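Descriptive analysis of the structure
The chain contents come next:
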Amino acid sequence: MAESEPMCPERLLMEHVTSRWGTLALIALLDRPHRFSELRREIGQVSEKMLAQTLRTLERDGLVHRDAKPVIPPRVDYSLTDLGREVAEQVRDLARWTERRLAAVERAREAYDATRTRPAAVRTGVTGVTA
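Here goes a summary of the coordinates provided.

Let us look at the sheet that holds strand S3 (residues 75-80). Spatially, S1-S3-S2 is the arrangement adopted by the three strands of the open sheet, whose pairing is antiparallel. Because the sheet does not close on itself, it has two edges, and the strands there are strand S1 (34-35) and strand S2 (64-69). One ladder, built from six bridges, connects S2 with S3; its direction is antiparallel. Its bridge partner being in S3, Asp67 is matched across the sheet by Asp77.

On to a positive patch on the surface. Together, Arg96, Arg100, Arg101 and Arg107 make up a region of like positive charge exposed at the surface. Summarising the element assignment, Arg100 is placed in helix H5 (residues 82-117).

It is at 5 Å that the axes of helix H1 (residues 9-18) and helix H2 (residues 20-31) come closest, and there the two elements cross at 65°. Touching His16, Val17 and Thr18 of H1 are Arg20, Gly22, Thr23 and Leu26, all from H2. Grouping the constituent residues of the contact of H1 with H2 by class yields two nonpolar, four polar and one charged.

A separate point is the side chain of Thr23. Locating Thr23 in the fold gives a position in helix H2. Since its relative accessible area comes to 16%, Thr23 is described here as buried. Apart from the residues within four sequence positions on either side, Thr23 is in contact with Val17, Thr18 and Val91.

Now for unusual backbone geometry. The omega torsion across Ile72 and Pro73 is -5°, close enough to zero to call that bond cis. Inspection of the secondary structure assignment puts Pro73 in the loop between S2 and S3. One non-glycine residue, Gln45, lies in positive phi territory at about 60°. Tracing the backbone shows Gln45 in the loop between helix H3 (36-43) and helix H4 (48-60). Under the relative-accessibility criterion, Gln45 is labelled exposed at 74%.

Conventions adopted
Residues numbered from 1 in each chain as written. Predicted model: local features only at pLDDT ≥ 70, side-chain atom pairs only at ≥ 80, totals over all residues. Heavy atoms only, no water. Pairing = 2+ DSSP bridges. Helix = DSSP H or I, 4+ residues; strand = E, 2+ residues; numbered from the N terminus. Patch = residues over 30% accessible without salt bridge, like charges linked within 9 Å, V, L, I, M, F, W, Y side chains within 5 Å. Areas by Shrake-Rupley, 256 points an atom, 1.4 Å probe, with all protein chains shown as cover. Salt bridge = Lys/Arg side-chain N within 4 Å of Asp/Glu carboxyl O. Lys, Arg positive; Asp, Glu negative; His and termini not counted. Charge placed at Lys NZ, Arg CZ, Asp CG, Glu CD. Axes fitted to C-alpha atoms, helices over the stretch in contact; angles between N-to-C directions. Contact = heavy atoms within 4.5 Å. Nonpolar A, V, L, I, M, F, W, Y, C, P; charged D, E, K, R; others polar. Buried < 20%, exposed > 50% of the residue type's maximum accessible area, 1.4 Å probe, protein only.

What follows is the structure, encoded as structure tokens:
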């Protein structure tokens, strides 16, 4: 796909949901609504700009609800919509799977890497070349 071609809608939504900060925000909001600063602390290592951008994107997609209360100082709470809760549960299940299966994945990586670091002659069974 050329850079100028638009991404298909399903792929774009998948990108929003499975992005690093999108995934973490959705999972955090499963427990309860959060204020921006609470959410940022819970997620950790996310800049204000990235979190704000992520929340705007998820809000636009109908997954997150932004509730701005007209008080001083301003208070904004973020929560999941029904649609957001549905996808957040799926994302959380995937996150739990990765926690449970990480050791198996690491073993598979080690086995793969071991076959790639041996000399090519050993991998292919070639023992020598004659002219």
